[in-house]
Every structure is written in structure tokens, then in C-alpha cells.
There are 2 protein chains.
Amino acid sequence: MALPKQADDFPAWYQAVVRDAGLAEPSLAPGTMVIKPWGYAIWEAIQRAVDDRIKATGHENLYFPLLIPERLLHKEAEHVEGFAPEVAVVTHAGGEQLEEPLVVRPTSETIIWATYAKWVQSWRDLPLLYNQWANVVRWEMRPRVFLRTREFLWQEGHTAHETADEAMAETLRILDDVYLDAARKVLAIPMLAGRKSAAERFPGAVETFSMEALMRDGKALQSGTSHYLGQNFSRAYDVQFQGRDNELEYAYATSWGVSTRLLGGVIMAHGDDRGLRLPPALAPRQLVIVPIYKNVEERARVLEAADALASDLVGVRVEVDERDEHRPGFKFNEWELKGVPMRVELGPRDLDEGRAPVYRRDTGEKEPWALADIPRRVSTTLDNIQDELYAQALAFRDEHTIRPSTYDEMREFLAAAEGFAIAPWDGDPETEAKVKADTKATIRCLGREPGGVDGACIVSGKPAAEQAVFAQAY
Amino acid sequence: MALPKQADDFPAWYQAVVRDAGLAEPSLAPGTMVIKPWGYAIWEAIQRAVDDRIKATGHENLYFPLLIPERLLHKEAEHVEGFAPEVAVVTHAGGEQLEEPLVVRPTSETIIWATYAKWVQSWRDLPLLYNQWANVVRWEMRPRVFLRTREFLWQEGHTAHETADEAMAETLRILDDVYLDAARKVLAIPMLAGRKSAAERFPGAVETFSMEALMRDGKALQSGTSHYLGQNFSRAYDVQFQGRDNELEYAYATSWGVSTRLLGGVIMAHGDDRGLRLPPALAPRQLVIVPIYKNVEERARVLEAADALASDLVGVRVEVDERDEHRPGFKFNEWELKGVPMRVELGPRDLDEGRAPVYRRDTGEKEPWALADIPRRVSTTLDNIQDELYAQALAFRDEHTIRPSTYDEMREFLAAAEGFAIAPWDGDPETEAKVKADTKATIRCLGREPGGVDGACIVSGKPAAEQAVFAQAY
């Protein structure tokens, strides 16, 4: 069960952690995955964090169907161009060929906006602030578990507004109050957030905002997007409303999503050579008690004490690892691999002495704690671990972020996938394409507002239009 | 917004409630539905109730893919016969025809048992106690919102066990501790539970157990099923393990599910001519405060008091209906239609007198409560309403259950869809078929254990083999 080292072969490390920690495995339908219980429990914690924030910002959940009549996909020109090549199509059902093929949703703007046409008549019907939790299918050519699978789970929010300003405010509220807040407080991942360049924009969006995390191999992971869609979809699906001035107007739209891809982010932002390191807010088990014994008498005594300790840990997700078929060392390794934040090792001598070794997964430190103090100290320590993982990820990102003074410096840094390079860019798609050709890096995001940068483009030397964050990315 | 009366046209009443209460609507893909926010919030409450109980009984959630290679479907003979006619098939994806078509899961036994073959080697790997929340697609020819839609949401549990006894115990534990407990305490629906006859069994099951609710039109609704699958799927997918005796053995299986169909059950078990009546445990809003005012001064005063009252109602899902564009009478009707259990009507005179009319949706009673008492009395009253709705549904069922002494009596009762008829049955499928031909009624369930009945079959006069519950059903 020895993992490859991150420094030796990061992709092999990732695959091994996903498999050995019981997070997921490739499924029998090519390019898809089974999300296994440990991985799914982490996903449930992410869902809760995101769903709570979606509701706290005034949104309601609903559910639109999986299958979309093909004609609906073809109404928004950029959107169909973006998604048509990767859809899965149902052509037969109930033993017969369908008159009209049904597309398995790759995202739901099309069917939702076709439906909003019925729901929106007057400005009084607005805003619509809706979200759904759903599975989507995109026929990825190079599938990779959690990061790019042919089916994934996500939430997709779809809102409709009276004005452009209101829709833009919504786009940013989701980015800030839902995604960045959950990333900061629950996933413990520092994010860079900003606008996408035109080349990286969602098909059909006027502006796409994303949050970008840095993985421990120096590559970026786009971790969530929030799109301002302007009137593109309301025009395509004819969603008009009578305004306060009695004029007919097209509604303004946003859409936004995060997905099971975030699991890949958690693994690669926090993991180390011993395996996963889970932020306590996400960990299905926050503390494991490993009993240590040599015979049945010791076993009975230690397990009784372990169970008593576990029940004293009110509000902590705790497990006593009672398995007889494994030795303590095996259990230590396994729970470290699975990323459990804390471990208490409890044997007869510890009970005699009234103290036991307590291990922290984030720092790898182990120190003896008085048994009587453990219940009081655990929740503070879990908070510390949550903060420490964020601090470590932030320090890593700071160490792997440069503001290069020459294109040579930037090119070398990016080609080696060493992290984020922040530099002025002339705003020209050709310049962006040149960086990609030279280094495989893309623009991860720009500032929130256009402009606001002086000086010359680091690549072309022309006047800079934007401050850009470049990196290789998943 | 006047609803058809239940007694005049129950199907029309159902459709109108679903539409006017904002529960769901037909979607653009034929036979599918959009579950709207009010309906989805009820579903979320059902999910929480069921998921809590699934986890409390030792199960973990995971997630298997939507798309199943077609060959997997064809391994269990009865199962394929049952489901092949109603599957939707993906034949194209990523712009190309697939080498092997993919079936959109109608249920997941096939892909799950094909995967369990990898997960189960030894008795130490058992039991597997897994569940997933997912969407499934079945190409229903006569779709009906919530009750029979081409896509629906559900949970499906799939467990694997060492012994037949253990698997049968699991089958019944799910029925009792998860489904019947949630139905009783959360949905407030009395259920009859028992075995299915062979004709009504799940394709591939050895025994199917179901819980059956009585709707207010006298028809039964199958509301949840738990299947003992024996070794049918382990043999079909070659899931063998080394037993404690070192012999290879096939695992024993169960599967079980409840779905968005339960929403239809809640509507039709509790609803009345004014609309939905929601059990407080399910209600997205448990209490609505409707402010009553004639001018802006009154409005300000009343809304301030309403907000203060709302914030005193700790732990209650409460809304102050601040909409200016509707009159109080409109609001009363709308919240009654949506099934909100309690309403407080609050005007300036009520504030002066220190008391306000409090309305209960379950009984239709309205009485003045001292304002100061409201916070203290609400949670008890919500508990009462929860109990009262159960009691009313139970009384309705008792009034609509007969133990007929002649087949004539039973035939007349069943043909008129008056409810449940409980009678001895000879166990012969032809007798069952005759009842169906005569009355449209089917056997909803039998006793939990076979036999245990004396006397003669009510239909054939032959010796009875089972006590059977007959009813027309959705």
C-alpha cells in the first residue's frame, strides 16, 4: 500500500490515493466512475456547505429533467457549438426509435430557459433564484477521475433578473458568498478568483468568473464558475417580461456551478506522501481511536475506555477502530491515507498513566495528552487543523506564485508548471495562444474588473490591458 | 384558482393541486416533470428523513454511474425481461456511434452487482451496506406526475450478505426501521406492509415486500419496496466469496427504494378540497403570518410585530407574507392550497387586543390566541397537527377497509375502488387474475410470512393459502 511520492510522479500519486483511500474507482461504463463511500461522504459535506450558502443567499432548489429535446440545444449558437460535440444522445426508448432524439444534459441552460419562458411574464415574476443538484454527462475524450469524467455530480444555479446590474451582482454574490466562502471555511483551499478571458469563457456567457486553486504539483484547478449570461439565453428562448415601464424586455441571466471536481481539488491541494489530508469540516471521521492490546483482557479494558472516550467527544465525528484482523501500525497508515485529521492511540499503559499519544495528520506531530483533557482539547485542535491546512495551502501558493519581470522568466516557470505567474497582458487572444503554445499554460483568470493595469504586456511589449494569472491547468 | 372537488373528479383535483400549489409541472421532454421549489423542498424533507434512517441502520451512501453497458442488463433473465422494454438507450456520444449502447439506468442492480464481483472476495468483505440517491429513467407509456414519470428521483439500497437469514433480516429492517418509521413519523401516512404475490414481485427478486398507502379516492399507492434477491444477482454477476468454512459461496442480496412517488402519496393521502395538507415534519413553511393593514402606518406597525413574532418562533419554519400586491383573503387561500399547517392573521386590532386568530390547516379551525402565548403553543400544536393528520388518515383507512364475507361483496367494493379488502386467497395466480379482470383490483400485499390463514379462498372456495389485501392501485 506504499504510495508513489508526489515529487516522483504526481499523477501516479493521485491515482493511488483515489484508489487506496477508497474515494472512487473507474466504473464499467468507460470514462465514468463509482464514487465510493469515503469519497461520497466528503462530497456530502461539500454539498451541505454549498447548499447551506445557496439557501442563505435566497435561492431555492428545484429539479429539471435529465433528458433534453435535441432542438432546444440548438437555439443558442455559441452554446450549441460548445456542447454539441460532447453530448450523449438517447435515440431509442421503450423499444422504439424516438421521433426526436433526447440529449443527456451536459448543463441545463437550454431546458431551463425554455421553461422560464412560461414562468416569466412580468417584472413581478423576477428574480428567479433557482438551483438544482444533478448529474450531467459530457463525453470527455481524456477522462480522469473527479477532474474530468463523462458523468459528474454538481449543482447548477440558474437565475433570471430584471436588470443587467442585478444579474451581475448575483454572479458575484455567488462567487463571493457561496463559492469562495465555502472554499475558505470548509475546503480550506485558498482561491484566486476573477474573470475569464474570452477563450476560456463558458459557451454563451458574456462574462465568466472562476475560482482557481493551486494543486501541489504546481498546476491550477478551475474549481467553480459563475457566469453572467446577459440576454443571450433570454433572447434565444424568448424570455420576455413586461417591465415597470410596461415595455417588453428580455430577462438577464446568470448560471453557476461547482461539481465533484472539488474532490480532486481537496485531494491535490492538501494531500502529501502519506495520502489524503482532510480539513476537519469535510472529514467523514474527524478522529479515530486505535486501541492497542495484546490479549483479550487488555482488549476488553482498552475498548471500554475507548468507547467511553468516544462518547465524551460530543459533536465530533469519531470512530473506534475495533478491527481485530489488523495491527495498530496498519490502522495508523490506513487512517493517515484516508486523511483523518486526528488519532488517539490507546493501550493499557496509557490507561495506567492517564495519558495517550494524540496524532495530528496536518503536521504529523504526536504528543501525549492527559486523557481527562482530550474531550476539552479536541474541538479546538480540529479548528486549528482546519486553519493550519488553509495556512499551509496558502503558503504553498505564495511560494509558487511569481510576478515575473521578463517573458523568459515567465516562460520557464510556466513550462515547468511551477505555479501561478501574474503579469500584464495586452488582451490579445493571439498573445494568450502564444503563451499556451510555448508553455502549455493558459490564463486562469483576470481581475474582477477589466483594466486597472499599467505598463507593457509581458509577452508582446504592447500596452497592457489586463493583469492576468497564467498557469498550467487541469 | 378554485380546485375541482375530490368527490367530483379526483384525478382533476390531483392535477390542479400539483399545478396550483407549485409542486411540479410537465416538462418539455415528454413524460418527464419539472419538480418546482415547493415540491422539491418537500422532497428534501423526505430525503432527510429517509437518509437519516438509512445511515442510522449502518448504511453508507455512494454513487454508481447513470449509464450502464447494455450487456450488463442481459445477465439476469427475469430482470432483463422486466426492464428491457422500458429502458432509454444512448447510442451516440461525442459525435460518434457507440460500439456498445449504454442504457440509462432504470435501477442499478446490474452495474452494482457487476462491480460487487470485484469488491467481494471473502466473508470478511461482507456485508456491503450501500445506498445511493439518484435519478432513474423508465419509459412509462402512461406517465403521471410524481406517480409514474419517465424520470424520477429515488434512493436505491443494494446490500450483499453472507447468509440468506442475514439478507432477509436486512430486507425487513429497511421496511420497518427506515420506510415504515419515516412514513409513520414524518409523512404521517399509515401503511399496510407485507409480501408481494409472485405476479407483483420485482423482476429478479425471491421476495418483494412493499408498503401500501390508501389514497383518498380509495386507491392504493405502492409507496416503497424492499426486495430479498437471494442469490439471483450474485449468480448472474458471479459474486462469490470464500466463506468461513473456506468454501466458495454466492452472496445474498437485497435492494430497496423509495422515490418522488412519495410526494404523490402525501398529496393524495392528506389533501382535501382546499388543497394540500402538509404534515409539519415535511412542510417547507410550518407557519405563515399574514399581516392585515389598510394604510402605510398600519403596515409598518403590523409588519414590525409580525417580524418580532416570527423571530420568537425559534425552530419553526415561519414566513411573514409581506406581499403588497395580494389581499389577505388571497394569501389565506394560497397558503391553504400549499398545505402550510398553521396561519396567524395579524392586524392592528389584534395588536391592540393582544391576541390574534390562529388557523389550523388540518382541522380548518380558527381561534384567537393571546399573542404572548403563541411562541409557547406553536411547537406543541405542530406536533398535534402531525398526529392529527396521521389519525385522520388512519381513520379514513379503517373506514375504507373491509373483511368481506362473500366474493360478491368484495367484488362490488373493489370495482368501486372503495379501499382495501382483506380476505383469504388460495394462492393461485389465476384467482388473482380473475379478481383483476372482475374489478381492476390487484393484491397489494400478503402477510409477512406465508400462510397463517384458515378457511376458504373468498374467490374460489378452495383452501386458503394466504391472507391477501386487495385494492385498485396507482
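Residues numbered from 1 in each chain as written. Chains lettered and ligands numbered in written order. Predicted model: local features only at pLDDT ≥ 70, side-chain atom pairs only at ≥ 80, totals over all residues.

> Please give an account of the interface of chain B and chain A that cites residues and values.
Counting from both sides, the interface comprises 45 residues of chain B and, opposite them, 45 residues of chain A. Residue contributions to the side of chain B that touches chain A peak at 6 residues, all from strand E5 (residues 88-93) of chain B. Across the side of chain B that touches chain A, the residue classes tally to 29 nonpolar, 9 polar and 7 charged. Summarising the sheet, strand E5 (residues 88-93) of chain A and E5(B) pair through 5 bridges and their orientation is antiparallel. Counterpart to Ala93(A) in the pairing with E5(B) is Ala88(B). (Contact = placed C-beta atoms within 7 Å. Helix = DSSP H or I, 4+ residues; strand = E, 2+ residues; numbered from the N terminus. Nonpolar A, V, L, I, M, F, W, Y, C, P; charged D, E, K, R; others polar. Pairing = 2+ DSSP bridges.)

> Residues and numbers for the sheet that holds strand E21 (residues 420-425) of chain B, please.
Residue and element names in this part refer to chain B. Across the sheet, which stays open at both edges, the 4 strands sit in the order E20-E21-E23-E22 with mixed pairing between neighbours. Unpaired on one side and paired on the other, strand E20 (401-402) and strand E22 (442-446) mark the two borders of the sheet. Pairing of E21 with strand E23 (residues 466-471) involves 5 bridges; the strand directions are antiparallel. Counterpart to Ala-423 in the pairing with E23 is Ala-468. Its contacts with the sheet place helix H13 (residues 407-415) against E20, E21 and E23, and it is angled at close to 145° to E21. (Axes fitted to C-alpha atoms, helices over the stretch in contact; angles between N-to-C directions.)

> Lay out the domain arrangement of chain A with the relevant residues and their values.
Interface size is commonly expressed as the accessible area that is lost once the parts come together. As assigned here, chain A comprises domain 1 (10-270), domain 2 (287-384) and domain 3 (401-471). Taking only C-alpha atoms into account, the centre of domain 1 of chain A sits 40 Å from that of domain 2 of chain A. (Domains from an automatic or database assignment.)

> Tell me about the confidence of the model for chain A, and name the residues and values.
Mean pLDDT for chain A: 97, with 100% of residues reaching 70 or above. Overall fold confidence for the complex sits at a pTM of 0.97, while the interface term, ipTM, reaches 0.97. (pLDDT = per-residue confidence, 0-100.)

> A description of helix H9 (residues 296-312) of chain A should follow, citing residues and the corresponding values.
Given 3.6 residues per turn, any residue in an α-helix points the same way as the ones three and four places further on. Residue and element names in this part refer to chain A. The terminal C-alpha atoms of H9, which comprises 17 residues, lie 24 Å apart, in line with the 24 Å expected from a rise of 1.5 Å per residue. Of all the positions in H9, only Val-302, Ala-305, Ala-306 and Leu-309 are classed as buried. Here the buried residues of H9 occupy an arc of 105° about the axis, which is enough to place them on one side. Along H9, exposed side chains directed more than 90 degrees from the buried face belong to Val-296, Glu-297, Ala-300, Glu-304, Ala-308 and Ser-311. (Expected span 1.5 Å × (residues − 1). Buried ≥ 20, exposed ≤ 12 C-beta atoms within 10 Å, placed from the backbone. Arc of directions from axis to C-beta.)

> Any details on the packing of helix H2 (residues 37-56) of chain B against helix H6 (residues 164-187) of chain B? Residues and values, ideally.
Residues and elements named next belong to chain B. Viewed as axis vectors pointing N to C, H2 and H6 meet at an angle of 140°, and their least axial separation amounts to 9 Å. Two packed elements cross with a definite hand, and for H2 against H6 that hand is right-handed. Along its contact with H2, which presents Ala-49, Val-50, Arg-53 and Ile-54, the element H6 presents Asp-177, Val-178, Asp-181, Ala-182 and Val-186. Residues that form the contact of H2 with H6 fall into these classes: 6 nonpolar, no polar and 3 charged. (Left-handed = near helix turned anticlockwise from the far one by under 90°.)

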